[in-house]
Amino acid sequence: MEFNEKLQHLRKQNNLTQEQLAKQLYVSRTAVSKWESGKGYPNIESLKCISQLFTVTIDELLSGEELISLAESENHSNMEKVYKLIYGMLDLLVIGFIFLPLYGQWDGSFIRAVNLLEFTDTTRTNLIIYWVIFSFVIGLGMAELIFTHFEKELWCILAQKCSIILEAVAICIFAAAREPYVTALLFLLFVIKIFVLVKQDKPNKKTL
């Protein structure tokens, strides 16, 4: 008997609806429906709750092969979450572009490096653009961390895409404005983020 059949049998044996079982496991009814239809497996924590609820061992619920598959899925899911957190923190690092002396400002006979708060050797329009770019990237970084924490996968992916596009635009803008330090550091950050995105595994469709 497969896991989905065992779960369905145990639920009916205990006179529970999918909705009632979902409430006791703190998951959605859709998740229970997916498990029972054989389209996916619960994660390790949900599996432990099922084991305790129906007083059965995990070995009785899953075969050895299924346990291995579940462990691999859980590992992939955890690694994906780590990469998403790293990506979000990389976006938050952009706050350094506000406070670090990365902007060249003409000061009489020489050029001195200042931070964005002190930088005046440019147009007001450029300053507004710089502040808008950095504010949006930092905001996206915070959003990515929040979405990752609450497992809002689609929203997190959307925020990541917006972030990478915005940073590419920022590199072009700072390169055109002849700000070499900012351009170089933004490009380095951009490359690291691309690397993280490549390493980030696709969502495991069998784990909820």
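To be clear, the structure that these remarks concern was listed above.
Fair warning: this is a prediction, and the values are worked out from it, not measured in the lab. (Residues numbered from 1 in each chain as written. Predicted model: local features only at pLDDT ≥ 70, side-chain atom pairs only at ≥ 80, totals over all residues. Heavy atoms only, no water.)

Enquirer: Hey, could you go over helix α10 (residues 180-199) for me, with residue numbers and the actual values?
Expert: Taking 1.5 Å of rise per residue, 20 residues should cover 28 Å, and α10 covers 29 Å from first to last C-alpha, within 8% of that figure. Those residues of α10 that sit buried are Val182, Thr183, Leu186, Leu189, Phe190, Lys193 and Val196. Seen from one end, α10 has its buried residues packed into an arc of 145°, which puts them on one side. Turned more than 90 degrees away from the buried face of α10, the exposed residues are Pro180, Tyr181, Phe195 and Val198. As for α10, its buried residues are in contact with α6 (64-92), α7 (96-99), β1 (103-107), α8 (124-149) and α9 (153-176). (Helix = DSSP H or I, 4+ residues; strand = E, 2+ residues; numbered from the N terminus. Expected span 1.5 Å × (residues − 1). Buried < 20%, exposed > 50% of the residue type's maximum accessible area, 1.4 Å probe, protein only. Arc of directions from axis to C-beta. Contact = heavy atoms within 4.5 Å.)

Enquirer: How would you summarise the packing of α6 against α9 if you had to cite specific residues and measurements?
Expert: Look at α6 against α9: their axes get within 11 Å of each other, and the N-to-C directions meet at 40°. Relative to α9, the element α6 lies oblique. Pair α6 / α9 crosses with left-handed handedness. Residues Glu80, Lys84, Tyr87 and Asp91 of α6 form the contact with α9, whose participating residues are Glu153, Cys156, Gln160, Ser163, Ile164 and Glu167. (Axes fitted to C-alpha atoms, helices over the stretch in contact; angles between N-to-C directions. Parallel < 35°, antiparallel > 145°, perpendicular 65-115°, else oblique. Left-handed = near helix turned anticlockwise from the far one by under 90°.)

Enquirer: So what's going on with the nonpolar core? Which residues, and what values?
Expert: A general feature of soluble globular proteins is that nonpolar side chains tend to end up buried together. Counting 26 residues, the largest nonpolar core has Phe97, Tyr103, Leu116, Phe134, Phe174 and Val182 as the members making the most contacts within it. Of all elements in the fold, only α6, α7, α8, α9 and α10 reach the threshold of two or more residues within this core. When residues in this core are grouped by element, the largest group, six residues, is from α8. Excluding residues that lie within four positions of it along the chain, valine 182 makes contacts with Phe97, Leu102, Tyr103, Phe134 and Phe174. Leu7, Leu10, Leu21 and Ala31 belong to the second largest nonpolar core, which has 18 residues in total. (Core = buried A, V, L, I, M, F, W, Y, C linked by side-chain atoms within 4.5 Å.)

Enquirer: How would you sum up the packing of aromatic side chains? Please name residues and give values.
Expert: The final tally for this structure, using the stated rule, is six aromatic pairs. Ring geometry for phenylalanine 97 versus phenylalanine 134: centroids 5.7 Å apart, planes at 25°, classification stacked. Linking phenylalanine 97 in helix α7 with phenylalanine 134 in helix α8, this pair joins segments that are 37 residues apart in sequence. Of the two residues examined, phenylalanine 97 and phenylalanine 134, each falls in the buried class. Their ring planes at 15° and their centres at 5.6 Å tell us that phenylalanine 134 and phenylalanine 174 sit as a pair that is stacked. (Phe/Tyr/Trp six-rings, centres within 6.5 Å; stacked < 30°, edge-to-face > 60°.)

Enquirer: Any details on the packing of α6 against α10? Residues and values, ideally.
Expert: It is at 9 Å that the axes of α6 and α10 come closest, and there the two elements cross at 165°. One way to sum up the angle between α6 and α10 is to call them roughly antiparallel. Judged by the sense of rotation from one axis to the other, the crossing of α6 with α10 is left-handed. Packed against α6, whose contacting residues are Tyr83, Ile86, Tyr87, Leu90 and Asp91, the element α10 presents Leu189, Ile192, Lys193, Val196, Leu197 and Lys199 at the interface. When its residues are assigned to classes, the contact of α6 with α10 shows eight nonpolar, no polar and three charged. (Nonpolar A, V, L, I, M, F, W, Y, C, P; charged D, E, K, R; others polar.)

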